[in-house]
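# Notes for the structure review
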Amino acid sequence: TEGKYKGRLIIPFEEDSEIFYFQARTLGDDIPKYLNPSEGWPKPSQILYPYSTDEDYLVVCEGPLDAISLQIQGVNATCTMGCSVSEYQVEALKEFGGRIIIAYDNDEAGKRGVNKFDYLRRLKRMADLYICHPPLEVKDWNDAHRKGIDLSDFISSSTKKYDYDYLVNHLLTTL
C-alpha cells in the first residue's frame, strides 16, 4: 500500500514453498510497467519462472503473467522476464529433456528475441527449437487466456519446428 511497490501486483516465484524471486506489475499506467527486486536478489536474466521438468515440452514466453495463464490451462510454461533470453537462461533450459517451444509475442521485440534465442541455442549446442506465437488476434498469452482461447489446443495445433522451412514460409507470409 506504500513505497516502491505501491499499487502493483506482486507475482511470487516459488519453489519448494520458498519464494526465490518476485516481480511487481503495475495495475495502472505507471512506468515502468514491471519492477524487479534489486539488492540481495538475483538479476532477472538469471531467473526462469518455475515449471515442471517432468513434461515432454516447455513453452517459453516473455512474462510471468503469460506463463501463469498458460499453466492455468495445463500448459507447461516458463518465462525469460522479457523477450531477450540470456546465456544463463539458455544454459538452464538446455538441461530440460523435452522440446523447447519459443512463444514470444508477435511484435518486433518478440521477433528479435526469437533470433537471439536461436543464436544462443546454436552457440550453446542446444537441441532444435520449436515455435508458437500467440494467436494473431491477441496481444499475448495472458490476453488469449482472458478471451477464453483454449491455449493447450492452440499450442498443440500451431507449434512448428523452428528451422529453415519455417523461416522461409514465415518470411513469405509476412511479405
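It should be noted that the structure appears before, not after, this text.
So, a few notes on the structure that sits alongside this text.

Cut-off values and rules
Residues numbered from 1 in each chain as written. Predicted model: local features only at pLDDT ≥ 70, side-chain atom pairs only at ≥ 80, totals over all residues. Heavy atoms only, no water. Buried < 20%, exposed > 50% of the residue type's maximum accessible area, 1.4 Å probe, protein only. Helix = DSSP H or I, 4+ residues; strand = E, 2+ residues; numbered from the N terminus. Pairing = 2+ DSSP bridges. Polar contact = N/O pair within 3.5 Å; in protein donor to acceptor, adjacent residues only side chain to side chain. Contact = heavy atoms within 4.5 Å. Axes fitted to C-alpha atoms, helices over the stretch in contact; angles between N-to-C directions. Core = buried A, V, L, I, M, F, W, Y, C linked by side-chain atoms within 4.5 Å.

With that settled, the discussion passes to the pairing of strand 4 (residues 57-61). The buried fraction of strand 4 is high, at five of five residues. Residue alternation in strand 4 divides its side chains into two sets, Tyr 57, Val 59 and Cys 61 and Leu 58 and Val 60, and both sets are buried. When strand 4 meets strand 6 (residues 99-102), the two strands line up parallel, connected through four bridges. Paired with Leu 58 across the two strands is Ile 100, which belongs to strand 6.

Considering the arrangement of structural elements, one finds Ser 157 in helix 5 (residues 151-158). Taking the C-alpha atoms as reference points, Ser 157 and Glu 39, 118 residues apart in sequence, are found 43 Å from one another. At 3.3 Å, the side chain of Ser 157 and the backbone oxygen of Phe 154 are in polar contact.

Spatial ordering of the open sheet is given by 5-4-6-7-8, a layout of five strands whose pairing is mixed. A single partner strand is all that each edge strand has here, and the edge strands are strand 5 (77-79) and strand 8 (160-161). Relative to strand 8, strand 7 (residues 129-131) runs antiparallel, the two being bridged by two bridges. Looking at strand 8, one finds that Tyr 130 is bridged to Lys 161. In the packing of helix 1 (residues 64-72) onto the sheet, the strands contacted are strand 4 and strand 5, and the crossing angle to strand 5 comes to about 175°. In the packing of helix 3 (residues 108-123) onto the sheet, contacts are made with strand 4, strand 6 and strand 7, and the angle to strand 7 comes to roughly 165°.

Moving on, we come to the side chain of Thr 80. You can see Thr 80 is positioned in the loop between strand 5 and helix 2 (87-94). For Thr 80, a relative accessible area of 2% translates into the label buried. Reaching out from Thr 80, the side chain makes a polar contact with the side chain of Tyr 104 at a distance of 2.8 Å.

Time to look at the nonpolar core. Counting 23 residues, the largest nonpolar core has Phe 13, Val 59, Leu 70, Trp 141 and Ile 155 as its most contacted members. With three residues, strand 4 is the single largest residue contributor to this core. Beyond its immediate sequence surroundings of up to four residues, Leu 70 is in contact with Val 59, Cys 61, Val 75, Ala 77, Trp 141, Leu 151 and Ile 155. Listed in part, the 19 residues of the second largest apolar core include Val 90, Ile 100, Ile 102 and Tyr 104.

Pairing is antiparallel across the open sheet formed by three strands, whose spatial order is 1-2-3. Either end of the sheet is taken by a strand with one partner, and the two such strands are strand 1 (8-15) and strand 3 (34-35). Taken together, the two bridges between strand 2 (residues 18-26) and strand 3 define a ladder with antiparallel strand orientation. Bridged to Arg 25 within strand 3 is Tyr 34. The sheet contacts of helix 1 involve strand 1 and strand 2, and relative to strand 1 the element is tilted by about 65°.

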